[in-house]
Amino acid sequence: MTNQNVVASDAKSSRIRFIVRKSIFSPAVPNPLPAPSLAKKIETGGAAAKTNAWVDSMRDSSPTRVKSTASLSETKRKILGFMFEQIANASKGKQIAMFLDYDGTLSPIVEDPDRAFMTNEMREAVRDVARCFPTAIVTGRCRDKIYSFVKLAGLYYAGSHGMDIKGPSKSQKYKKDHQALLFQPASKFLPMIDEVYKVLIEKTKSICGAKVENNKFCVSVHFRCVEEKMWAALVELVRSVLNDYPKLRLTQGRKVLEIRPTIKWDKGKALEFLLESLGYANSNDVLPIYIGDDRTDEDAFTVCIYIYHYYYYFNNKVI
Ligand SMILES: O=P(O)(O)OC[C@H]1O[C@H](O[C@H]2O[C@H](CO)[C@@H](O)[C@H](O)[C@H]2O)[C@H](O)[C@@H](O)[C@@H]1O
């Protein structure tokens, strides 16, 4: 391990992680994935303390815009070269399975979630990967919407943070028993999610810039366009709605509050499920690789090789 800016660890066989340390970036850049002590603060504090803990966490998880520079590109090239070499070594004699997050990984982060389109170049790259390896898009978004963005038929899609999994419609070449794959472990929550979505649409009308997105088995409340002084009001409002729904829980992504069922299912479980469906349950013959950029991706990082995709640090677009 010679590169100071990249950590590679193989604590478990065939599981390597790559973390691009923030020290290679401007010191002004906050850690995009701070170890959140949110759960602890929320458990111990009163109502105001809980709201403050949420607002702190909302601030921490929303790094500010950074300009890309030529030297950054050089660093990026070196890191990618190093990662590629490590992955190539680790994959010898194994089947690679590729898992890709969408927002911030395949598409740039933009203000309007309905316009987070991926480029044709990226689509071609994903198509090429899928020609070689079983490939899945694993996202917090609704599966139909993600399909309308990615538009590639030969992939697995795991929408709603893995609570809505569907296999490729055209090709079953990686599926051992050739059965169509559809798995929705939170289906009984559908009416509840729909109801809470409608309540939140109505209630958030009072908060300028808030946007509620129905992701089928979960709901996103976006605050990217909400003035910071209104974040506490927004989180209080969302929490007050959730008081009536003890079977739903609140989590957080990039400038987004996410409401989901309390079931023990996340992107990591979805990966395990997909590997099992591919015939690789607890197998050493597979090298699962996950590329992601968000806190919710950390659930998947426990299952495989992972790469934090620092798209937004290398790109001078809005984050
Ligand atoms: O698991 P992901 O694919 O990363 O989905 C997580 C959330 O992604 C989307 O929101 C994020 O991207 C938006 C568009 O760039 C951006 O406006 C927003 O601030 C980000 O949080 C999606 O809209 C959410 O529903 C997902 O939960």
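Source: prediction; values computed, not measured. (Residues numbered from 1 in each chain as written. Predicted model: local features only at pLDDT ≥ 70, side-chain atom pairs only at ≥ 80, totals over all residues. Heavy atoms only, no water.)

S.K.: Now, about the sheet that holds strand 10 (residues 248-253): what can you tell me, with residues and values included?
M.R.: Taken in spatial order, the 4 strands of this open sheet run 8-9-11-10, and their pairing is antiparallel. Bordering the open sheet on either side are strand 8 (211-214) and strand 10, each of which pairs with just one other strand. The sheet shows a mean angle of 20° between the axes of neighbouring strands, taken without regard to direction. Pairing between strand 8 and strand 9 (residues 219-222): 4 bridges, direction antiparallel. (Pairing = 2+ DSSP bridges. Helix = DSSP H or I, 4+ residues; strand = E, 2+ residues; numbered from the N terminus. Axes fitted to C-alpha atoms, helices over the stretch in contact; angles between N-to-C directions.)

S.K.: How would you sum up the packing of aromatic side chains? Please name residues and give values.
M.R.: For the coordinates displayed, the defined rule picks out 7 aromatic pairs. Judged by centre distance (5.6 Å) and plane angle (20°), the ring pair of Tyr 102 and Phe 149 falls under stacked. Of this pair, Tyr 102 sits in the loop between strand 3 (95-100) and helix 4 (120-132) while Phe 149 sits in helix 5 (residues 143-150), and the two are 47 residues apart along the sequence. By relative accessible area, Tyr 102 is classed as buried at 0%. The exposure class of Phe 149 is buried, given its relative accessible area of 6%. Taken together, a centroid distance of 6.4 Å and an interplanar angle of 65° make the contact between Trp 265 and Phe 273 edge-to-face. In terms of burial, Trp 265 and Phe 273 fall into one category: buried. (Phe/Tyr/Trp six-rings, centres within 6.5 Å; stacked < 30°, edge-to-face > 60°. Buried < 20%, exposed > 50% of the residue type's maximum accessible area, 1.4 Å probe, protein only.)

S.K.: Outline empty space enclosed by the protein, supporting the account with residue identities and numerical values.
M.R.: Under the definition given, this model contains 2 cavities of 30 Å³ or more. Its boundaries defined by the atoms lining it, the largest cavity holds a volume of some 370 Å³. Forming the walls of the largest cavity are 26 residues, and the residues nearest its centre are Asp 103, Ile 109, Arg 141, His 222 and Val 256. Secondary-structure elements contributing two or more residues to the lining of the largest cavity are strand 9 and strand 11 (256-261). Across the lining of the largest cavity, the residue classes tally to 6 nonpolar, 7 polar and 13 charged. When residues of the lining of the largest cavity are assigned to domains, at least three fall in each of domain 1 (1-30 + 38-185 + 266-319) and domain 2 (187-261). (1 Å grid on protein atoms, 1.4 Å probe; cavity = no way out; pocket = protein on both sides within 12 Å on 5 of 7 lines; lining within 4 Å. Points joined across faces, edges and corners; volume = space filled by probe spheres on them. Nonpolar A, V, L, I, M, F, W, Y, C, P; charged D, E, K, R; others polar. Domains from an automatic or database assignment.)

S.K.: Please give an account of the domain arrangement of the chain that cites residues and values.
M.R.: Here the chain is partitioned into domain 1 (1-30 + 38-185 + 266-319) and domain 2 (187-261). Both faces combined, the contact of domain 1 with domain 2 buries some 2800 Å², and carbon together with sulfur accounts for 55% of it. For the pair domain 1 and domain 2, the number of links is 5 salt bridges. Notably, a salt bridge pairs Lys 145 with Glu 213, separated by 2.8 Å at the nearest N-O pair. Scanning the region where domain 1 abuts domain 2 turns up 14 residue pairs in polar contact (both at pLDDT 80 or more). No other element matches the 8 residues that helix 2 (residues 47-60) contributes to the side of domain 1 that touches domain 2. Looking at side-chain class alone, the side of domain 1 that touches domain 2 contains 13 nonpolar, 10 polar and 12 charged residues. (Buried area = accessible area lost by both parts, 1.4 Å probe. Salt bridge = Lys/Arg side-chain N within 4 Å of Asp/Glu carboxyl O. Polar contact = N/O pair within 3.5 Å; in protein donor to acceptor, adjacent residues only side chain to side chain.)

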